[in-house]
Structures are given as structure tokens and as C-alpha cells.
Amino acid sequence: MPESSNRRVGVLISGRGTNLQALIDAIEARRLNATIAVVISNRADAAGLQRARAAGIEAITLPHRAYATRDDYDRALVKELQARDAGLVCLAGFMRLVGEPLIAAFPNRILNIHPSLLPAFPGLDAQKQAIEYGVKVSGVTVHLVTAELDGGPIIVQRSVPVMPGDTADTLAARILEQEHLAYPEAVQMILDGGWRVDGRRFVAAKSPTSAAT
Ligand code: GAR
């Protein structure tokens, strides 16, 4: 995929928005060369809306309950994103399934962050699932969004140990620290281009160092 001239990102949230904050901070620190075009929440009480506004970013609520079907809701999201010329969509704790209208409008241009090492523990309460299963290692996955829930090509993963005595909350906090590093890294990779999708594998661009060898 060639480098995209459009580095405008739409971020979809449902809650507290710490991953949104990590993207904002990475942009401000110039670790991420992007612009957040809009933040959209399906919930009016999402704390992430305030984080966006505090950073001078337009933040709107699009309540899913106002739409008869999921497709109608997805079409409304597409309209808002396209109206702001977003070229990439980041799901950052957006607790809604995304469907065909959104995926078709942004093919290989929607990213999701999930708090487990996929394909382990997709869906809700991934950290609780990991504790209950008894895995010794978990982590975070950033992946391209396809029609399959938490199933698209994996861009970045970071692992953390699961400690004896961990609860879902303590594990979630450890994973969250890695989420905040993984998401800006993945967004930068996608915006810089040079990558491709081969089957279900995401093949990263060669780094300048490895290209020279
Ligand atoms: C994060 O842990 C994210 O990985 C998870 O929701 C949390 C949102 O936190 N997402 C999912 O579980 C998606 N299946 P945040 O609002 O502070 O970024």
C-alpha cells in the first residue's frame, strides 16, 4: 500500500478514551505523524469526548440507539467520517460490532485494539477470559478490521506476563500500558505505507535498515 497523503484519522470510542489519549499524546510528541479529524462516541457520557475537546479536537456523539439497524448506524458513521475527510479509522474501546457499510467504505483502513494476544480471547472481557483460562502470558493486539470479530490481519502485538495473584483488573492495567505504546506504533506503520496484506498476514514495510542488508 503506497504512502497515503491523507493522514487524517477518525477515532471511534465508547468510554474513558485512554487509547485516544495515547494517540493525542503521540501526535503532540511527534512520535505519530497524523491529525485526528474527529472523535465519535456512541455514548454521550464517554469520558474520551472530554479528552478530545481538551486537545482541541472535534468530538461528537452518534447514539447507536437512534438508528433502526446496525447498517443504518454504520452508514451514519461513514457520513460523519467522510464529511471530515478521514482516511483512517481507529476503534479505541469502541464497543460496537462494525459491519459491511463501514468496512466497505474504509477497506483495510480500519484499525482495532484488543486487550489479548489474538486469536486468543476475542470478544468481551478479554482480560477476565485470560485469567480464567490460566494463561501465563497475555497482551495487546492491534489489527485491521474485517467482518470477522477481532479476526483481521495483525499489525502489532505486545505481550505481558500474567502474575500469580493477578485479577482481571491488575492484568488489564498491565496490558493497558502496552496498549498505549502499541496503538500509536501501529497507526504510524499504516500511515507510512509500504505494507501489504497476504492472506490473513499483515506484511510490514521493510525498515530502512533491513532494506539495506
Ligand atoms: C481497552 O483496553 C481496549 O483494548 C478495549 O477496551 C479498552 C478501552 O479503553 N477494547 C476492547 O475490548 C475491544 N474488544 P480506553 O477507552 O481507555 O481506550
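Further up the page is the structure itself.
Residues numbered from 1 in each chain as written. Predicted model: local features only at pLDDT ≥ 70, side-chain atom pairs only at ≥ 80, totals over all residues. Heavy atoms only, no water.

1. Some thoughts on the layout of surface pockets
Then step 1. Roughly 910 Å³ of internal volume is contained in the largest pocket.
Then step 2. Surrounding the largest pocket, 41 residues form its lining, Gly93, Phe94, Met95, Ile113 and Pro115 being those nearest its centre.
Then step 3. Only helix H1 (18–28), strand S5 (110–114), helix H5 (126–133), strand S6 (137–144) and helix H6 (168–192) provide two or more residues apiece to the lining of the largest pocket. (1 Å grid on protein atoms, 1.4 Å probe; cavity = no way out; pocket = protein on both sides within 12 Å on 5 of 7 lines; lining within 4 Å. Points joined across faces, edges and corners; volume = space filled by probe spheres on them. Helix = DSSP H or I, 4+ residues; strand = E, 2+ residues; numbered from the N terminus.)

2. With respect to the packing of H1 against helix H2 (residues 47–54)
Then step 1. The contact between H1 and H2 brings their axes to 9 Å, and the two run at 15°. Between H1 and H2, the angle is such that the two are roughly parallel. Crossing angle aside, the handedness with which H1 passes H2 is right-handed. Every residue of H2 that contacts H1 at Thr18, Leu20, Gln21 and Ile24 is listed here: Gly48, Arg51 and Ala52.
Then step 2. Along the lines of polarity and charge, the residues of the contact of H1 with H2 split into three nonpolar, three polar and one charged. (Axes fitted to C-alpha atoms, helices over the stretch in contact; angles between N-to-C directions. Parallel < 35°, antiparallel > 145°, perpendicular 65-115°, else oblique. Left-handed = near helix turned anticlockwise from the far one by under 90°. Contact = heavy atoms within 4.5 Å. Nonpolar A, V, L, I, M, F, W, Y, C, P; charged D, E, K, R; others polar.)

3. Observations regarding the nonpolar core
Inside soluble globular proteins, nonpolar side chains tend to come together where they are buried.
Then step 1. With 41 residues, the main nonpolar core has Val11, Val39, Leu111, Val142, Ile155, Tyr183 and Val187 as its most contacted residues.
Then step 2. Not counting residues within four places of it along the chain, the set of residues in contact with Val39 comprises Val11, Ile13, Leu20, Leu49, Ala52, Ile57, Glu58, Ala59 and Ile60.
Then step 3. Counting 20 residues, the second-largest nonpolar core is a separate cluster that includes Ile40, Val78, Leu81 and Ile103. (Core = buried A, V, L, I, M, F, W, Y, C linked by side-chain atoms within 4.5 Å. Buried < 20%, exposed > 50% of the residue type's maximum accessible area, 1.4 Å probe, protein only.)

4. Describing the pairing of strand S1 (residues 8–13)
Then step 1. Burial analysis of S1 places five of its six residues in the buried class, the great majority of the element.
Then step 2. Bridge count for S1 against strand S2 (residues 35–41) is six bridges, and the pairing is parallel. Of the residues in S2, the one forming a bridge with Leu12 is Ile40.
Then step 3. Handedness of the crossover joining S1 and S2 through H1: right-handed.
Then step 4. Two elements, S1 and strand S4 (residues 88–91), share four bridges in a ladder whose sense is parallel. Residue pairing across strands places Leu12 opposite Leu91, the latter belonging to S4. (Pairing = 2+ DSSP bridges. Right-handed = clockwise from strand over helix to strand, strands pointing away.)

5. Description of H2
A turn of α-helix holds 3.6 residues, and therefore any two residues three or four places apart point the same way.
Then step 1. By the burial criterion, the buried members of H2 are Gly48, Leu49 and Ala52. Axial view of H2: buried residues confined to an arc of 110°, hence all on one face.
Then step 2. For H2, the elements touching its buried residues are S1, H1, S2 and strand S3 (59–61).
Then step 3. Looking one or two residues past H2, Gly56 carries a phi angle of roughly 80°, positive in sign. (Arc of directions from axis to C-beta.)

6. Describing the packing of H1 against H6
Then step 1. Here H1 crosses H6 at 50°, and the two axes come no closer than 9 Å. Here H1 lies oblique to H6, going by the angle between them. You can see that H1 and H6 cross each other, and the crossing is right-handed. Only Leu176, Glu179, His180, Tyr183, Pro184 and Val187 of H6 make contact with H1, whose side of the interface consists of Thr18, Asn19, Ala22, Leu23 and Ala26.
Then step 2. Here the contact of H1 with H6 is composed, by residue class, of seven nonpolar, three polar and one charged.

7. Looking at the site of the ligand
Then step 1. Every residue lining the ligand is accounted for by Arg16, Gly17, Thr18, Asn19, Gly93, Met95, Ile113, His114, Pro115 and Glu179.
Then step 2. In this structure, an oxygen atom belonging to the ligand sits 2.9 Å away from a main-chain N or O atom of Asn19.
Then step 3. Glu179 has a polar side-chain atom sitting 2.8 Å from an oxygen atom of the ligand.
Then step 4. Relative to its free-state accessible area of 450 Å², the ligand is covered by the protein chains to the extent of 89%.
Then step 5. When atoms are counted within 2 Å of each cavity's grid points, the one that captures over half of the ligand is the largest pocket.
Then step 6. Secondary-structure elements contributing two or more residues to the shell around the ligand are H1 and S5.
Then step 7. Looking at side-chain class alone, the shell around the ligand contains three nonpolar, five polar and two charged residues. (Near = heavy atom within 4 Å. Polar contact = N/O pair within 3.5 Å; in protein donor to acceptor, adjacent residues only side chain to side chain. Areas by Shrake-Rupley, 256 points an atom, 1.4 Å probe, with all protein chains shown as cover. Sits in = over half its atoms within 2 Å of the grid points.)

8. Observations regarding the side chain of Thr18
Then step 1. In this fold, Thr18 is placed in helix H1.
Then step 2. A polar contact of 2.8 Å, which involves the side chain of Thr18, links it to the side chain of His180.

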